[in-house]
Amino acid sequence: MISLQNITKTYAMGEVAVHALRGVSLTIEPGEFVAIMGPSGSGKSTLLHILGLLDVPDEGSYRLLGHEVAHLSDNNLAALRNSTIGFVFQHFNLLARTSAAENAVLPMIYSPDGKRKNMDKARKLLTEIGLGDRLEHHPNELSGGQQQRVAIARALIHDPRIIMADEPTGNLDSASADEIIEILNDLNRRGITVVMVTHESDVAAHARRTIRMRDGVIQSDTLNGALSATGAVKPGAPAPAGARPTVTQSDPVIAARSGYLLSEIPHDFKQAWRALMANKVRTALSMLGIMIGVTAVIAMLAIGTGARQSIEAQLASMGSNLLILRSGARHTGGVALEAGAVTRFTPQDIIDIRAAVPSIKRIGGIVNGRGQAVYGNKNWNTRIGGVEPVYAQMRASEPTAGRFFTDDEVNKRARVAVLGQTLVRELFGDANPLGEYIKINKVNFLVIGILPEKGATSWNDQDNMILIPLTTAMYRLLGKDYLDTVDIEIVLAEAIPSAQEDIKALITRTHRLPPSQTGSFEIRNMAEMQAMLTETSRTMAFLLASIAAVSLLVGGIGIMNIMLVSVTERTREIGIRKAVGARRRDILAQFLTEALVVSITGGAIGILLGWLISMLVSALAGWPVAVTASSIILAVGFSAVIGIIFGLWPAQKASRLNPIEALRYE
Ligand code: ADP
Ligand code: MG
């Protein structure tokens, strides 16, 4: 079963080399109970660690169950250790903050054949060993003897062929020690090979063979009692598996698992959560960076998106392919134009432009003013727009109730009005305004229609508006003989630039403007405005992304820092896991999971905070905000990626630890 040939192991202690083993040869048959004795420092533990595949010899050959150990990969070694060897240590080496049952079942999580973890078996083993009433106790709630029994249950969970125990009674009182020895004896009677290191001869007396070591070599190898001296001890009940003489590489016992087992995921999450909860303040602090980053991203994206949506809505309500002709660009290049240099437009200009530019679909003049609207005892200060009937289609303002005024009413300077939603609300409340008369600047108007809702921002309520016929506004209400703006809708988007040029040329000609005064009017292209806005929002998005990147980077570094601390603190835990068969990738996955839990939890809190801040801004500033699904997905994705990237190095560091060095770590 076990065959050692000339095994040596040397430790380098700075300048001096410590020869812990100087050529050990040894054979152990299935079913034996071997005690390894010797003074402190004679190499007992080193030998046991090599036997248990926790450490590798420098020279010599070690065959275990027919496998030359030196030929096995790290993963194969982990698998072999997991399935055939159960370890019992002097210092128990149980996972803290983990129940007895969870400790006992630990090797199953790393089981190569993908056995699901079997809590019932762990409970059964613990009960058999006398811990039936301590299943949910944590190690710090158990006595030394009880802890060692949990360790034995853990060693037995996989029905190992060999139990290796390094001074299992060294930290126990004599009563507990007797119990542990009795358990080991019993296991040996059931056919399990037991190799036990001890320096107490009364403990060794229970074994059937005693190997004495001194200074790294075997001094004597004797059988106890009246047994035959060949070294081959007839086992009480040989383990059936022990009968198999040779084992091939395809043996499931060493077949390393190829992938990450799904059954590990809940375990890893539970462990990660436990580890993080054990240090709540530290965990919270390490989450802070990623939390602030995500909060900023969510809030700014929400506010930015909201702002853009509201501007876009305003632009959309202006119609498409729209040119707006305005008199009164009073400043050109920062220089104020002289008085009278403002070009005024009249209805005659509309007639001229329409006649000269064939690509015009619709054209309409507008005058603007303010006034006091009164109904009953209520009054409201509002914007007054004098417009033509084409306005309804050009500015997406078809009434939701009632009708718009007609060309006939414009010609007759009729006193009819179409009200915006704000006015309806303020003057009429729930009453129907259609057919009622209101006074605008003391002139009576008949309400004939209601405008659709256009939306309000904190700086501009587009629904606080009354539309009346253009001529009525000019000559009856506002006393203007000129137009403020002219809306011009072009048939096709492609025709806009040439139409713009034509109109400019025409106005320069008809108003006889000298070249110095071409700045006295302007033609705004709404399509251009939209393009400009898109460009601005792209720049904004880029800025936001940079801020997000920086804060997430800082958050990531925080996580890396905390993970490195965590790996150092839990070196022993990593050693325990490796001793029971965890492979590198299992440890890697465990620590990555932990980093992920930190980063995603931080991200989730960040999303919540960002959302709250958005709502607050929305309530205070009156902006519409939009927390979109895509920004949430983005934030979660980013946190996860940050967790993986910055958790990788610490996790790798953990996974590369040598099991025995990790176990020795103080
Ligand atoms: P035992 O278990 O018999 O007391 P060990 O096998 O633990 O002895 O140690 C044998 C010798 O090897 C001792 O002299 C010890 O100091 C040395 N040794 C063990 N482990 C290390 C190590 N990791 N680094 C350096 N020296 C070591
Ligand atoms: Mg020792």
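What this report covers is the structure whose coordinates are included nearby.

Structural notes on the overall build of the protein chain
Logical step 1: When helices and strands are tallied, the protein chain shows 20 helices and 24 strands.
Logical step 2: For the protein chain, contacts bridging at least 24 residues in sequence account for 76% of all contacts bridging at least 6.
Logical step 3: As presented, the protein chain carries roughly 30,300 Å² of accessible surface, and 57% of it is formed by carbon and sulfur atoms.

Thoughts on the packing of aromatic side chains
Logical step 1: Scanning all chains against the criterion turns up four aromatic pairs.
Logical step 2: Here the aromatic rings of Phe87 and Phe89 are separated by 5.3 Å at their centres, their planes lie at 10 degrees, and the arrangement is stacked.
Logical step 3: Taking the relative accessible area as the measure of exposure, Phe87 reaches 6% and is therefore buried.
Logical step 4: With relative accessibility at 7%, the residue Phe89 sits in the buried group.
Logical step 5: Between Phe345 and Phe521, the ring centres sit 6.1 Å apart and the planes meet at 85 degrees, which makes this aromatic pair edge-to-face.

Regarding the pairing of strand S22 (residues 465-469)
Logical step 1: Counting buried residues along S22, five of its five residues qualify, which places the element largely inside the surrounding structure.
Logical step 2: Of the pairings in the sheet, the one linking strand S17 (residues 416-419) to S22 comprises two bridges and is antiparallel in character. Residue pairing in the sheet places Val418 in a bridge with Leu467 of S22.

Comments concerning a nonpolar patch on the surface
Logical step 1: Taken together, the side chains of Ile605, Leu609, Trp611, Leu612 and Met615 make up a nonpolar region of the molecular surface, amounting to roughly 420 Å² of accessible area.
Logical step 2: Tracing the chain through its elements places Ile605 in helix H18 (residues 584-621).

Regarding the sheet that holds strand S8 (residues 193-197)
Logical step 1: With mixed pairing, the six strands of this open sheet are ordered in space as S6-S7-S8-S3-S9-S10. This sheet does not close on itself; its edge strands, each paired only once, are strand S6 (85-88) and strand S10 (217-223). Adjacent strand axes in the sheet meet at a mean angle of 15 degrees, parallel and antiparallel pairs treated alike.
Logical step 2: Relative to S10, strand S9 (residues 209-214) is paired through six bridges, and the arrangement is antiparallel. When the sheet's bridge partners are listed, Thr210 is paired in S10 with Thr222.
Logical step 3: Packed onto the sheet, helix H1 (residues 44-51) meets strand S3 (33-37), S6, strand S7 (162-166), S8 and S9 and runs at close to 155 degrees relative to S7.
Logical step 4: Strand contacts of helix H2 (residues 74-84): S6 and S7, with the helix running at about 75 degrees to S6, the strand carrying the most contacts.

What about helix H19 (residues 629-655)?
Logical step 1: Counted at 1.5 Å a residue, the expected span for H19 with its 27 residues is 39 Å, and the 37 Å between its end C-alpha atoms agrees.
Logical step 2: Taking the largest bend as the criterion, H19 deviates by roughly 45 degrees, centred on Leu648, and proline Pro650 comes between one and four positions later.
Logical step 3: Listed in full, the buried residues belonging to H19 are Ser631, Ala635, Ser639, Ala640, Ile642, Gly643, Phe646, Gly647, Pro650, Ala651, Ala654 and Ser655.

Let's talk about the site of ligand 1
Logical step 1: Neighbouring ligand 1 are 13 residues; Gly41, Lys44, Ser45, Thr46 and Arg664 lie closest to it.
Logical step 2: Take Gly41: an N or O atom from its main chain is 2.7 Å from an oxygen atom of ligand 1.
Logical step 3: One of the backbone N or O atoms of Gly43 is found 3.1 Å from an oxygen atom in ligand 1.
Logical step 4: Summarising the interface, the protein chains cover 71% of the accessible area of ligand 1, which totals 550 Å² for the free molecule.
Logical step 5: Residue assignment for the shell around ligand 1 shows that the elements contributing at least two residues are strand S1 (2-13), strand S2 (16-28) and H1.
Logical step 6: In terms of residues, the shell around ligand 1 owes the most to one element, H1, which gives three residues.
Logical step 7: Taken together, the residues of the shell around ligand 1 sort by class into five nonpolar, six polar and two charged.

Things to note about the nonpolar core
Logical step 1: Core analysis: the largest hydrophobic core is formed by 66 residues, its most contacted members being Ile2, Leu47, Leu51, Tyr62 and Leu64.
Logical step 2: No other element matches the seven residues that H18 contributes to this core.
Logical step 3: In this structure, Tyr62 is in contact with Ile2, Ser3, Leu4, Ile7, Ile50, Leu51, Leu53, His67, Glu68 and Val69, ignoring residues within four places of it in sequence.

Topic: the pairing of S17
Logical step 1: Burial along S17 is two-sided: Val416 and Val418 facing one way and Ala417 and Leu419 facing the other are all buried.
Logical step 2: Looking at chain direction, S17 and strand S19 (residues 443-450) are connected through four bridges and run parallel. Its bridge partner lying in S19, Leu419 is registered against Ile450.

Some thoughts on the pattern of salt bridges
If charged atoms from side chains of opposite charge come close, those side chains can pair.
Logical step 1: Enumeration according to the criterion identifies 28 salt bridges in this entry.
Logical step 2: Put simply, Arg584 and Asp74 hold a salt bridge, and the shortest N to O gap is 3.4 Å. Highlighted residues: Arg584 in helix H18 and Asp74 in helix H2, separated in sequence by 510 residues.
Logical step 3: The closest approach of N and O atoms between Glu522 and Arg326, which form a salt bridge, is 4.0 Å. Within this pair, whereas Glu522 is found in strand S24 (residues 521-525), its partner Arg326 is found in strand S11 (residues 322-327), the two being separated by 196 residues in sequence.
Logical step 4: Relative accessible area serves as the criterion here: at 26%, Glu522 is assigned to the partly exposed category.
Logical step 5: Note on Arg326: relative accessible area 30%, which makes it partly exposed.
Logical step 6: Because the salt bridges share partners, they merge into one network encompassing Glu182, Asp186, Arg189 and Arg190.

Points about unusual backbone geometry
Logical step 1: Positive phi, close to 65 degrees, is recorded for Phe92, a residue that is not glycine.
Logical step 2: One non-glycine residue, Asn93, adopts positive backbone phi at about 50 degrees.
Logical step 3: By secondary structure assignment, the location of Asn93 is in the loop between S6 and helix H3 (100-109).

Digging into the sheet that holds S1
Logical step 1: With respect to topology, four strands assemble into an open sheet ordered S2-S1-S4-S5, the strand pairing being antiparallel. Where the open sheet ends on each side, the last strands, each with one partner, are S2 and strand S5 (67-68).
Logical step 2: Sheet topology places S1 next to strand S4 (residues 59-64); five bridges connect them, and they run antiparallel. Opposite Ile2, over in S4, you have Leu64 as the bridge partner.
Logical step 3: Along the sheet, H1 contacts S1, S2 and S4; its crossing angle with S1, the most-contacted strand, is approximately 125 degrees.

Focus: the side chain of Asn103
Logical step 1: Take Asn103: it is sitting in helix H3.
Logical step 2: Asn103 sits in the buried class, given a relative accessible area of 1%.
Logical step 3: Look past the residues within four positions of Asn103 in its chain and what remains in contact with it is Leu94, Leu95, Thr98, Pro139, Val150 and Arg154.

Cut-offs and rules
- Residues numbered from 1 in each chain as written.
- Chains lettered and ligands numbered in written order.
- Predicted model: local features only at pLDDT ≥ 70, side-chain atom pairs only at ≥ 80, totals over all residues.
- Heavy atoms only, no water.
- Helix = DSSP H or I, 4+ residues; strand = E, 2+ residues; numbered from the N terminus.
- Contact = heavy atoms within 4.5 Å.
- Areas by Shrake-Rupley, 256 points an atom, 1.4 Å probe, with all protein chains shown as cover.
- Phe/Tyr/Trp six-rings, centres within 6.5 Å; stacked < 30°, edge-to-face > 60°.
- Buried < 20%, exposed > 50% of the residue type's maximum accessible area, 1.4 Å probe, protein only.
- Pairing = 2+ DSSP bridges.
- Patch = residues over 30% accessible without salt bridge, like charges linked within 9 Å, V, L, I, M, F, W, Y side chains within 5 Å.
- Salt bridge = Lys/Arg side-chain N within 4 Å of Asp/Glu carboxyl O.
- Axes fitted to C-alpha atoms, helices over the stretch in contact; angles between N-to-C directions.
- Expected span 1.5 Å × (residues − 1).
- Bend = angle between axes of the 7 residues up to and from the residue.
- Near = heavy atom within 4 Å.
- Polar contact = N/O pair within 3.5 Å; in protein donor to acceptor, adjacent residues only side chain to side chain.
- Nonpolar A, V, L, I, M, F, W, Y, C, P; charged D, E, K, R; others polar.
- Core = buried A, V, L, I, M, F, W, Y, C linked by side-chain atoms within 4.5 Å.

Distances and angles like these do not, on their own, reveal function.
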